[in-house]
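Structural overview
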Amino acid sequence: MASIFATLSPLTVAVAVVGLVGIVPVAIQYRERSRWFAVGYGLLVVAALATNLEDLFLGDLLNATEHAVGLMGAGIAFLVAAYVHRKREIEPEVPDGG
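Summary of the structure given here. Everything numeric in this text was worked out from a predicted model, so none of it was measured.

Remarks on the environment of Arg 33
One can find Arg 33 in the loop between helix 2 (10–28) and helix 3 (35–53). Residues Arg 33 and Val 84, spaced 51 residues apart in sequence, show a C-alpha to C-alpha distance of 8.8 Å. Among all residues touching Arg 33, those that are not within four sequence positions of it are Arg 88 and Glu 89.

What follows is the structure in C-alpha cells.
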C-alpha cells in the first residue's frame, strides 16, 4: 500500500480529489441548459483519475484515455456548450403563435 502512495504525485492526487468533490455541486446544479458544461467537467475528472491510475497499471491505455477521452473530450464538450449557449443568446426561442 505504501508503494502505491509513493508512486502517485501529491499534485495529481489533489487535482483528482478536488475534481471528485466538485462533481457534487455540478450534479446538484445540473440543468438541461448546462448539460454540456457538466459533460465537460465530468470528462476532466476522467482525465484526472486516468492521470493517477496510469502510474499504477495499464500505463499506455490510461495515458491515451487521459488525453483522447478526458482532455480532448472535455474540450469538445466545452466547445459545444459555448456554441449552444451563444446560439441560445443570439436566436432566442420565439413562443408559438407569435
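So much for the structure itself; the text now carries on.
Some thoughts on the packing of aromatic side chains
Inspection of the entire model under this criterion finds one aromatic pair. With a centroid separation of 6.3 Å and 40° between ring planes, the pair formed by Phe 37 and Phe 78 is classed as tilted. Here Phe 37 is found in helix 3, whereas its partner Phe 78 is found in helix 4 (residues 59–90), with 41 residues between them in sequence. Given a relative accessible area of 31%, Phe 78 falls into the partly exposed group.

Re a nonpolar patch on the surface
Together, Leu 20, Ile 23, Leu 49, Leu 53, Leu 56, Phe 57, Leu 58 and Leu 61 make up an exposed nonpolar region whose accessible area comes to about 670 Å². Of all the elements in the fold, those that place two or more residues in the nonpolar patch are helix 2 and helix 3. Counting through the fold element by element, Leu 56 comes out in the loop between helix 3 and helix 4. Residue classification places Leu 56 among the partly exposed residues on the basis of a relative accessible area of 34%.

Digging into helix 2
Over its 19 residues, helix 2 extends 28 Å from the first C-alpha to the last, a length consistent with the 27 Å expected when each residue adds 1.5 Å. Of the surrounding elements, those touching the buried residues of helix 2 are helix 3.

Here we look at the environment of Ala 48
Summarising the element assignment, Ala 48 is placed in helix 3. When neighbours within four sequence positions are excluded, Ala 48 is seen to be in contact with Val 15 and Ala 16.

Re the pattern of salt bridges
Following the criterion strictly, the structure yields one salt bridge and no others. The closest approach of N and O atoms between Arg 35 and Glu 32, which form a salt bridge, is 2.4 Å. Using a relative accessible area of 34% as the deciding quantity, one classes Arg 35 as partly exposed.

As for helix 3
An ideal rise of 1.5 Å per residue puts 27 Å on 19 residues; helix 3 measures up with 27 Å between its terminal C-alpha atoms. For helix 3, every residue scored as buried is listed here: Ala 38, Gly 40, Leu 43, Val 45, Ala 47, Ala 48, Ala 50, Thr 51 and Asn 52. Among the structural elements, helix 2 and helix 4 are those in contact with the buried residues of helix 3.

Calculation notes
- Residues numbered from 1 in each chain as written.
- Predicted model: local features only at pLDDT ≥ 70, side-chain atom pairs only at ≥ 80, totals over all residues.
- Heavy atoms only, no water.
- Helix = DSSP H or I, 4+ residues; strand = E, 2+ residues; numbered from the N terminus.
- Contact = heavy atoms within 4.5 Å.
- Phe/Tyr/Trp six-rings, centres within 6.5 Å; stacked < 30°, edge-to-face > 60°.
- Buried < 20%, exposed > 50% of the residue type's maximum accessible area, 1.4 Å probe, protein only.
- Patch = residues over 30% accessible without salt bridge, like charges linked within 9 Å, V, L, I, M, F, W, Y side chains within 5 Å.
- Areas by Shrake-Rupley, 256 points an atom, 1.4 Å probe, with all protein chains shown as cover.
- Salt bridge = Lys/Arg side-chain N within 4 Å of Asp/Glu carboxyl O.
- Expected span 1.5 Å × (residues − 1).

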